[in-house]
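# Report on the structure
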Amino acid sequence: MMSNSKLMTNQIDASELSFDDFKTIVINDYRIAVESRQASLLGRKEVLTGKAKFGIFGDGKEVPQLAMAKAFKNGDWRSGYYRDQTFAFATGIATLKEFFAQLYANPSVEADPSSAGRQMNCHFATRSLNEDGSWKDLTQVKNCSSDIAPTGGQMARLVGLAYASKLFRQNPELDYLKNFSVNGNEVAFGTIGNASTSEGVFFEAINAAGVLQVPMAISVWDDAYGISVPAKYQTTKEDISEILKGFQREEGTNGYEIFKVKGWDYPALCETYQKAIEVCRTEHVPVLIHVTEVTQPQGHSTSGSHERYKDKDRLAWEKEHDCIVQMRNWMIESAIATDEELIQLEDEAKKHVREVQKEAWNEFLESIKEEQAQVINMINALANGNPVLAKIASQLASTPDALRREVMNAARKAIRQSVHSLSPARDVLVKWYQEQAGVNEEKYSSKLFTDGKESPFAVEVVEAVYTENSKMIDGREVLNACFDSNFARDPRLVAFGEDLGNIGDVNQGFAGLQAKYGELRVTDTGIREMTIAGQGIGLAMRGLRPIAEIQYLDYLLFALNVLSDDLASLSYRTKAGQKAPVIVRTRGHRLEGVWHSGSPMAMILGSLRGMHICVPRNMTQAAGMYNTLFRSDEPALVIECLNGYRLKEKLPENVGSFTVPLGKAEILREGTDLTVVTYGSTLRIVEEAAEELEQMGISIEIIDPQTLLPFDTDQVCAKSLQKTNKLLVIDEDVPGGATAFIMQQILEEQKGYYKLDAQPKTLTAKAHRPPYGSDGDYFSKPSTDDVMEAVYEIMHESNPDKFPKLF
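Residues numbered from 1 in each chain as written. Predicted model: local features only at pLDDT ≥ 70, side-chain atom pairs only at ≥ 80, totals over all residues. Heavy atoms only, no water.

## Comments concerning the sheet that holds strand S13 (residues 583-588)
Pairing in this open sheet of 7 strands is mixed, and the strands run S11-S10-S12-S13-S15-S14-S20 from one edge to the other. Each edge of the sheet is formed by a strand with only one pairing partner; in this case those strands are strand S11 (522-524) and strand S20 (707-709). On average, each strand axis in the sheet is inclined to that of its neighbour by 20°, with strand direction left out of account. Relative to S11, strand S10 (residues 493-497) runs parallel, the two sharing 3 bridges. Paired with Phe496 across the bridge in S11 is Thr523. Contacts from helix H21 (residues 619-630) reach S10, strand S12 (545-549), S13, strand S14 (612-614), strand S15 (636-641) and S20 within the one sheet, and its direction differs from that of S15 by about 165°. (Pairing = 2+ DSSP bridges. Helix = DSSP H or I, 4+ residues; strand = E, 2+ residues; numbered from the N terminus. Axes fitted to C-alpha atoms, helices over the stretch in contact; angles between N-to-C directions. Contact = heavy atoms within 4.5 Å.)

The following block contains the structure:
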């Protein structure tokens, strides 16, 4: 259909093109720019009339994005922000109709391939995956990593997308991955607004890419404002390329090639992008294109007008220097088109965009209208003279463009109002609602994980094998053997982090592996947690299997924005159109001092839904989890026990292949009186307490959930409560932290509440971080004494005669 056609730009090579060919390309570019501007103008109207919820557009950036699109080739990647609609149209990444479908939040992947209605408009993504979660051939398409709204957040991922090209070019072992790269020739294009260059993640990414020397091309759209705040409050010298001059590469140094060009100068923009991307692609060096004198005709978004904060002189300047106006003037002056021809083109573009918008709106409403009619008929059949029900049906019928929520609201109201009037008609409505609940779950809440053929739950469970000759070694050596075996097996595996390479990480899990597998696969990084996480995301999106190490769990906070906003939501916000199977490796829990004893599990559980959260109690269990994750395709955080690396463990004979399944709780000690659920380092303390409790006549059952997300999928905890009827949850997080989550899972999800005959309790760390020293640890985190007394108190409340009060 014409409305969904792609009107893409073409490269300009003045040495080969005739004037007529050149003229055709330029006029086609102008048409794309005008259609994009009309989409912005019309999109704003759709929001202000209530058809769409919110709008944010790329008006004013059309011409520089045309130039950028000309340099963008199959296999390349974009990691941008929500101003790049013209680039999306010019490259074919999105169509006008898809643009409007996303504006209306159409929950269909076919209508909105970027997000299936889950993201606001101008958040673009290409679909890298087939329906079964397998990869498409990413070298044959123009790739767009899924946008996020935090305006600098795309920079972390951009580093990884570019770094992948370096690995593909320099590591011949990856040559077999033909669907992901052609000799590392791919450029990762990033875009960002001038105000967002003030963010820490921008500077971190700039530095990381300069150190790594990767083909990363950053375009800064500089309109001199960040919403209402002018550049003088944003940027030193009010000029980002000026203050980044120190990154300009010179002979004998690494660094950037930095370009500066005006955003309304079409020929200069085309020339600049051709030159910049050629350097980036062939020499594998990062480039910065600072596009200045950009305008924003409609202001920041539909939430307000820029007339509130720009003076008359600035508004007049913006009108004159509008990039489309300037391109139009240049085309007439250069005899490429006449004023009459351009007027006709503009009228056609306006009409075309309006037709596309109407078609997208009608398609969005089509399925809802069908549901609306069904509900009206069912409620009328149920009403049978009931004025309350008749009114519900009448109100729904009088809503011309009802949203799905209004349809479902009417159905639920009718079900509630008729709860005392059972009838076959009511049964029909209830059945319909229950069926639609499942349909809407799929529309709006599915694919938090990819759930494809490489799901971790499809990985075969292989038990650890031990013989009489199995050695007792340090836990760190178990991990080392696991990593060694897997790196030998799978050349896609790479690991990087602070102190990971040369010394083999601070706890020696990677000792000797850089010497064995080379610096490309086991790599030291600078102190830059956000871009370590982003490096992992970008590599994983390009088919590699990264282990991104965050040195301590306490430092995860520095990367939490990237992991939460980007990685954890990736599968969901693309409805399994993209995936990034990153393993974030870190260590935490029991140590000493404010900064190296972190157990911020509630923070992790609250912000990283969409990642598996693994909390192995020892290094053997950690190895088994890694083996599972290495063979699957979903992101995970693995938190190793910081005080367990030098504890002795038996080395499995199949250390690189045995697997620990996710979500499977394990009973470590059977008991009859009380169920204790805990994980990580606290388990050893509970096991010590169990021995003394046994001497006091108390038998506790100890359960290790092993992973918190997912949690105990076989409901081992609830089954234990059938026997003990008493529950104590212990961990090192703050009061009301992860223990509250575990309690909710057991009592509510597993319906363990009905099996209790005593109040369930928690034992946690104090609300503050632990002070330094062994005494600080003892008085701030659960000790053996604390466990003993917490268990005993529950037993006292249950049977005070047998267990008299301690204090």
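## Some remarks on unusual backbone geometry
Put simply, Leu709 and Pro710 share a cis peptide bond, and its omega is 0°. Looking at the element boundaries, Pro710 is found in the loop between S20 and helix H23 (716-724). Even without being a glycine, Lys447 presents a positive backbone phi close to 65°. Take Lys447: it is sitting in the loop between helix H14 (424-445) and strand S9 (472-474). Look at Lys447 and you get partly exposed, because its relative accessible area is 26%. At Gln706, a residue that is not glycine, the phi angle is positive and equals roughly 70°. (Buried < 20%, exposed > 50% of the residue type's maximum accessible area, 1.4 Å probe, protein only.)

## Quick word on the sheet that holds strand S22 (residues 761-763)
Read across the sheet, 5 strands follow the order S17-S19-S18-S21-S22 without closing on themselves; strand pairing throughout is mixed. The sheet is open, and its two edges are formed by strand S17 (666-669) and S22, each paired on a single side. Ignoring which end each strand starts from, the neighbouring axes of this sheet average 30° apart. Direction of pairing for strand S21 (residues 727-730) relative to S22: parallel, over a ladder of 3 bridges. Across the sheet, the residue bridging to Val729 is Thr762, located in S22. Its contacts with the sheet put helix H24 (residues 738-749) on strand S18 (674-677), S21 and S22, and the angle it makes with S21 is roughly 145°.

## A closer look at the nonpolar core
Of all hydrophobic cores here, the largest spans 89 residues; its most connected members are Phe100, Tyr273, Ile289, Val375 and Ile379. If one sorts the elements of this core by residue count, helix H11 (residues 339-383) sits on top with 16 residues. Excluding its chain neighbours within four sequence positions, the residues that come into contact with Val375 are Leu396, Val407, Ala410, Ala411 and Trp432. Core analysis: the second largest hydrophobic core is formed by 87 residues, Leu177, Ala559, Met611 and Ile742 among them. (Core = buried A, V, L, I, M, F, W, Y, C linked by side-chain atoms within 4.5 Å.)

## Regarding the side chain of Thr675
Along the polypeptide, Thr675 turns up in strand S18. A polar side-chain atom of Thr675 sits 2.6 Å from a polar atom in the side chain of Ser720. Excluding anything up to four places from it in sequence, Thr675 contacts Glu701, Ile703, Ser720, Leu721, Thr724, Lys726, Leu727 and Leu728. (Polar contact = N/O pair within 3.5 Å; in protein donor to acceptor, adjacent residues only side chain to side chain.)

## Thoughts on the state of the cysteines
A full pass over the atoms with the stated rule returns 0 disulfides. Cysteine Cys122 shares no disulfide, and the gap to the nearest cysteine sulfur, in Cys144, comes to 11 Å. Take Cys614: it sits in no disulfide, and the sulfur closest to it among the cysteines is that of Cys641, at 12 Å. A relative accessible area of 0% places Cys614 in the buried class. (Disulfide = S-S within 2.5 Å.)

## Structural notes on a positive patch on the surface
A cluster of basic side chains, namely Lys45, Lys350, Arg354 and Lys358, defines a positive patch on the protein surface. At 3 residues, the largest contribution of residues to the positive patch is made by H11. (Patch = residues over 30% accessible without salt bridge, like charges linked within 9 Å, V, L, I, M, F, W, Y side chains within 5 Å. Areas by Shrake-Rupley, 256 points an atom, 1.4 Å probe, with all protein chains shown as cover. Salt bridge = Lys/Arg side-chain N within 4 Å of Asp/Glu carboxyl O. Lys, Arg positive; Asp, Glu negative; His and termini not counted. Charge placed at Lys NZ, Arg CZ, Asp CG, Glu CD.)

## Thoughts on the packing of helix H1 (residues 19-48) against helix H2 (residues 62-70)
The interhelical angle for the contact between H1 and H2, taken along N-to-C directions, is 130°, at an axis separation of 10 Å. One element, H1, and the other, H2, form an angle in the oblique class. Crossing hand, H1 versus H2: right-handed. Residues Ile25, Asp29, Ile32, Ala33, Ser36 and Arg37 of H1 form the contact with H2, whose participating residues are Glu62, Leu66 and Lys70. For the contact of H1 with H2, a count of residues per class yields 4 nonpolar, 1 polar and 4 charged. (Parallel < 35°, antiparallel > 145°, perpendicular 65-115°, else oblique. Left-handed = near helix turned anticlockwise from the far one by under 90°. Nonpolar A, V, L, I, M, F, W, Y, C, P; charged D, E, K, R; others polar.)

## So, H11
With 45 residues, H11 extends 64 Å between its outermost C-alpha atoms, agreeing within 8% with the 66 Å of an ideal straight helix rising 1.5 Å per residue. Along its length, H11 reaches its greatest deviation from straightness, about 35°, at Glu366. Following H11 by one or two positions, Asn384 has its phi on the positive side, about 45°. (Expected span 1.5 Å × (residues − 1). Bend = angle between axes of the 7 residues up to and from the residue.)

## Points about the side chain of Thr531
Mapped onto the fold, Thr531 is located in helix H17 (residues 529-541). Take Thr531: its relative accessible area is 0%, and that puts it in the buried class. Setting aside residues up to four positions removed in sequence, Thr531 forms contacts with Ala156, Val159, Glu204, Ala205 and Ala208.

## Points about the packing of aromatic side chains
Counted according to the given criterion, the structure contains 27 aromatic pairs. Aromatic side chains Phe19 and Phe22 sit 6.4 Å apart centroid to centroid with 45° between the ring planes, which places their arrangement in the tilted category. Here Phe22 and Phe19 lie together in helix H1, a separation of 3 residues that amounts to about one turn. Classification of Phe22 by relative accessible area gives partly exposed; the value is 22%. Ring centres 4.9 Å apart and planes at 75° place the aromatic pair Phe72 and Phe189 in the edge-to-face group. Within this pair, whereas Phe72 is found in the loop between H2 and strand S1 (77-79), its partner Phe189 is found in strand S3 (residues 188-193), the two being separated by 117 residues in sequence. For Phe189, a relative accessible area of 1% translates into the label buried. Taken together, the aromatic side chains of Phe57, Phe89, Phe99, Phe100, Tyr104, Trp361 and Phe364 make up a single cluster linked through ring pairs. Over the face of the ring belonging to Tyr225 we find Lys310, whose NZ or CZ atom lies 5.1 Å from the ring centre. (Phe/Tyr/Trp six-rings, centres within 6.5 Å; stacked < 30°, edge-to-face > 60°. Lys NZ or Arg CZ within 6 Å of the ring centre and 35° of its normal.)

## Considering the packing of H11 against helix H12 (residues 387-397)
Where H11 contacts H12, the axes come no closer than 8 Å and their chain directions differ by 160°. The angle between the axes of H11 and H12 places the two elements in the roughly antiparallel class. By crossing handedness, the relation of H11 to H12 is classed as left-handed. For the pair H11 and H12, the contacting residues are Gln372, Val375, Ile376, Ile379, Asn380, Leu382 and Ala383 in the first and Leu389, Ala390, Ile392, Ala393, Leu396 and Ala397 in the second. Residue composition of the contact of H11 with H12, grouped by class: 11 nonpolar, 2 polar and no charged.

## Description of helix H13 (residues 404-417)
Between its terminal C-alpha atoms H13 stretches 20 Å, which fits the 20 Å expected from 14 residues at 1.5 Å a residue. Among the residues making up H13, those that are buried are Arg404, Val407, Met408, Ala410, Ala411, Ala414 and Ile415. Angularly, the buried residues of H13 cover 155° about the axis, an arc narrow enough to put them on a single face. Across H13 from its buried face, at more than 90 degrees, point the exposed residues Arg405 and Arg416. Elements in contact with the buried residues of H13: H11, H12 and H14. (Arc of directions from axis to C-beta.)

## Quick notes on the pairing of S12
When you tally the buried positions in S12, you get 5 out of 5 residues, the bulk of the element. Inspection of the sheet shows S12 paired to S13 by 3 bridges, in the parallel sense. Among the inter-strand pairings, Ile547 is bridged to a residue of S13, identified as Ile583.

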